[in-house]
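Coordinates in review
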Amino acid sequence: MTPQAATPAYRRLSVEQRRSQLLESALALFAHRAPEDVSLDDVAEAAGVSRPLVYRYFPGGKQQLYEAALTSAAEALRLCFDEPHEGPTAARLARVLDRYLAFVDEHDTGFSALLQGGSVVGTSRTTAIVDGVRRAAAEHLYSHLGVADPGPRLRMTVRMWIAAVEASSLIWLDEDKRPPRDELRDWLVEQFTAVLVVTAGRDPQTAAVVAAISGDDRDLSV
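The text that follows walks through the structure, step by step, so that each part is easy to find. (Residues numbered from 1 in each chain as written. Predicted model: local features only at pLDDT ≥ 70, side-chain atom pairs only at ≥ 80, totals over all residues. Heavy atoms only, no water.)

Assigned secondary structure in the protein consists of 11 helices and 0 strands. Along the protein, from the amino end to the carboxyl end, the secondary structure elements read α-α-α-α-α-α-α-α-α-α-α. Taking all 222 residues of the protein together, 43% fall into the buried category. Residue pairs at least 24 apart in sequence account for 66% of intrachain contacts in the protein once pairs closer than 6 positions are excluded. As displayed, the protein offers around 11,900 Å² of accessible surface, 54% of which is attributable to carbon and sulfur atoms. (Helix = DSSP H or I, 4+ residues; strand = E, 2+ residues; numbered from the N terminus. Buried < 20%, exposed > 50% of the residue type's maximum accessible area, 1.4 Å probe, protein only. Contact = heavy atoms within 4.5 Å. Areas by Shrake-Rupley, 256 points an atom, 1.4 Å probe, with all protein chains shown as cover.)

Moving on: the packing of helix α6 (residues 89–106) against helix α9 (residues 152–174). Orientation of α6 relative to α9, taken along the N-to-C sense of each, is 40°, at an axis distance of 11 Å. Considering their axes alone, α6 and α9 lie oblique with respect to each other. In this structure, α6 crosses over α9, and the sense of that crossing is right-handed. Taken together, the residues of α9 that come into contact with α6 (itself represented by Leu93, Leu97, Tyr100, Leu101, Val104 and Asp105) are Trp161, Val165, Glu166, Ser169, Trp172 and Leu173. (Axes fitted to C-alpha atoms, helices over the stretch in contact; angles between N-to-C directions. Parallel < 35°, antiparallel > 145°, perpendicular 65-115°, else oblique. Left-handed = near helix turned anticlockwise from the far one by under 90°.)

A few words now on helix α2 (residues 15–32). Residues lying three or four places apart along an α-helix face the same way, a consequence of the helix completing one turn every 3.6 residues. The terminal C-alpha atoms of α2 lie 27 Å apart, and with 18 residues this matches the ideal 26 Å at 1.5 Å per residue to within 8%. If you check which residues of α2 are buried, you get Arg18, Leu22, Leu23, Ser25, Ala26, Leu27, Leu29, Phe30 and Ala31. (Expected span 1.5 Å × (residues − 1).)

Summed over all chains, the structure comprises 14 salt bridges. Its salt-bridge partner being Arg95, residue Glu83 comes within 2.5 Å of it at the nearest N-O pair. Of this pair, Glu83 sits in the loop between α5 (62–80) and α6 while Arg95 sits in helix α6, and the two are 12 residues apart along the sequence. We classify Glu83 as buried; its relative accessible area is 7%. For the salt bridge of Asp108 with Lys177, the shortest nitrogen-to-oxygen distance reads 3.3 Å. Note that Asp108 is positioned in helix α7 (residues 108–116) and Lys177 in the loop between α9 and α10 (181–200), a separation of 69 residues in sequence. (Salt bridge = Lys/Arg side-chain N within 4 Å of Asp/Glu carboxyl O.)

Turning our eyes to something else, we now look at the nonpolar core. Core analysis: the largest hydrophobic core is formed by 61 residues, its most contacted members being Leu65, Tyr100, Phe111, Leu145, Val158, Trp161 and Phe192. The leading source of residues in this core is α5, at 9 residues. Setting aside its immediate chain neighbours within four residues, Trp161 contacts Leu93, Leu97, Leu141, Leu188, Gln191 and Phe192. (Core = buried A, V, L, I, M, F, W, Y, C linked by side-chain atoms within 4.5 Å.)

Moving on to the packing of aromatic side chains. In total, this model carries 3 aromatic pairs according to the counting rule given. Ring geometry for Phe30 against Tyr66: centres 5.2 Å apart, planes inclined by 80°, an arrangement best described as edge-to-face. In this pair, Phe30 sits in helix α2 while Tyr66 sits in helix α5, placing the two residues 36 residues apart along the sequence. What makes Tyr66 buried here is its relative accessible area of 6%. Each ring, one from Trp161 and one from Phe192, has its centre 4.7 Å from the other, and the planes form 50°; the classification is tilted. Of the two residues, Trp161 is situated in helix α9 and Phe192 in helix α10; the sequence distance between them amounts to 31 residues. (Phe/Tyr/Trp six-rings, centres within 6.5 Å; stacked < 30°, edge-to-face > 60°.)

Geometry only, nothing functional implied.
Now the structure itself:
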């Protein structure tokens, strides 16, 4: 980017626009490189601004920028689970996984560093941000299952499946994104149904959920 191009952009952007631009630049870098391999100079260069300007918006330095970028990514992940309560539950879950796996695909290296906890900039705050996404995913699933007050067995089943989705995503990246994304999506949907069936043998609440998913005339929307 030439100085002539960078200067007018700086003058036109508001405080929020500039902050958003820096976060987008940071997220693009974190998506393909581990956080510890990204410097403030890298972010400044990607955004076409000076390093002091990055510090002006993020005086806490790289840690503050990373946490802000992670919060932004977490919000994007939460939106993956924002699905209308219409149609068969399996189809809804497939659409959610389509968005989730597309995010994983786009942010491959950064996603791995985030979930594996291998970053030197990881803290209790970053862990809380990631756990917040998991809790939000679980709440969305309970809602789509039509359960307002899930019991311990159903809660454990849902949380175990969310952990399996995360693990499968990491393995998928490690295996050069094989099998194809749509095949992985369908497999994960089938796994969810399977673990619910197993739990249903021990839990009446989950048995009712399985009956509804399997073709009851019940309306699963809430």
